[in-house]
Amino acid sequence: MAQAALGAAGLHFDELNKLRVLDPEVSRQTAQLREECGVFLEKIAEFQKIVGSLIELVDQLAKAAESEKMKAIGARNLLKSIAKQREAQEQQLQALIAEKKMQLERSQMLW
């Protein structure tokens, strides 16, 4: 009877017979929720660590890919410049051959 009157007033006794404002079931659910929130926060922290390490790994791979890309561009440019040098050298040699032919024709005409 006293408990019913206290319950109507919003007061309850817990398992240690202490007077509480909250219903014992609500208090238990609150404690359980607090515990679940702690576990959730731990999982979120672990997830953030995993994501952080993944981001670092992806950044390293991106830097390595960019480095290889720059090496490939450099090699391609080097090959282009070598081809241009050979073309220029070929033109010089063709000009030299034409000049030598002219000298040969002149010297044959003189003899």
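Everything numeric here is computed off the predicted structure, so don't read it as measured data.

Rules used throughout
- Residues numbered from 1 in each chain as written.
- Predicted model: local features only at pLDDT ≥ 70, side-chain atom pairs only at ≥ 80, totals over all residues.
- Heavy atoms only, no water.
- Helix = DSSP H or I, 4+ residues; strand = E, 2+ residues; numbered from the N terminus.
- Buried < 20%, exposed > 50% of the residue type's maximum accessible area, 1.4 Å probe, protein only.
- Areas by Shrake-Rupley, 256 points an atom, 1.4 Å probe, with all protein chains shown as cover.
- Salt bridge = Lys/Arg side-chain N within 4 Å of Asp/Glu carboxyl O.
- pLDDT = per-residue confidence, 0-100.
- Patch = residues over 30% accessible without salt bridge, like charges linked within 9 Å, V, L, I, M, F, W, Y side chains within 5 Å.

What to know about the overall build of the protein
Then, in step 1: Helices and strands together make up the secondary structure of the protein, namely 2 helices and 2 strands.
Then, in step 2: Along the protein, helices (α) and strands (β) appear in the sequence α-β-β-α when read from the amino end.
Then, in step 3: Taken over 111 residues, the protein has a buried fraction of 1%.
Then, in step 4: Working note: accessible area of the protein is about 10,400 Å², and carbon and sulfur atoms make up 62% of it.

Focus on the pattern of salt bridges
Then, in step 1: Scanning all chains against the criterion turns up 1 salt bridge.
Then, in step 2: For Lys 71, the salt bridge goes to Glu 68, with nearest N and O atoms at 3.6 Å. Of this pair, Lys 71 and Glu 68 are both found in helix α2 (residues 24-110), 3 residues apart, which corresponds to roughly one turn of the helix.

Points about the confidence of the model for the protein
Then, in step 1: With 79% of its residues at a pLDDT of 70 or more, the protein has an overall mean of 87.
Then, in step 2: Helix α1 (residues 2-8) is the least confidently modelled element of the protein, averaging 57 in pLDDT, while α2 averages 94, the highest of any element.

With respect to a nonpolar patch on the surface
Then, in step 1: Taken together, the side chains of Leu 54, Leu 57, Val 58 and Leu 61 make up a nonpolar region of the molecular surface, amounting to roughly 370 Å² of accessible area.
Then, in step 2: With respect to the element layout, Leu 54 can be found in helix α2.

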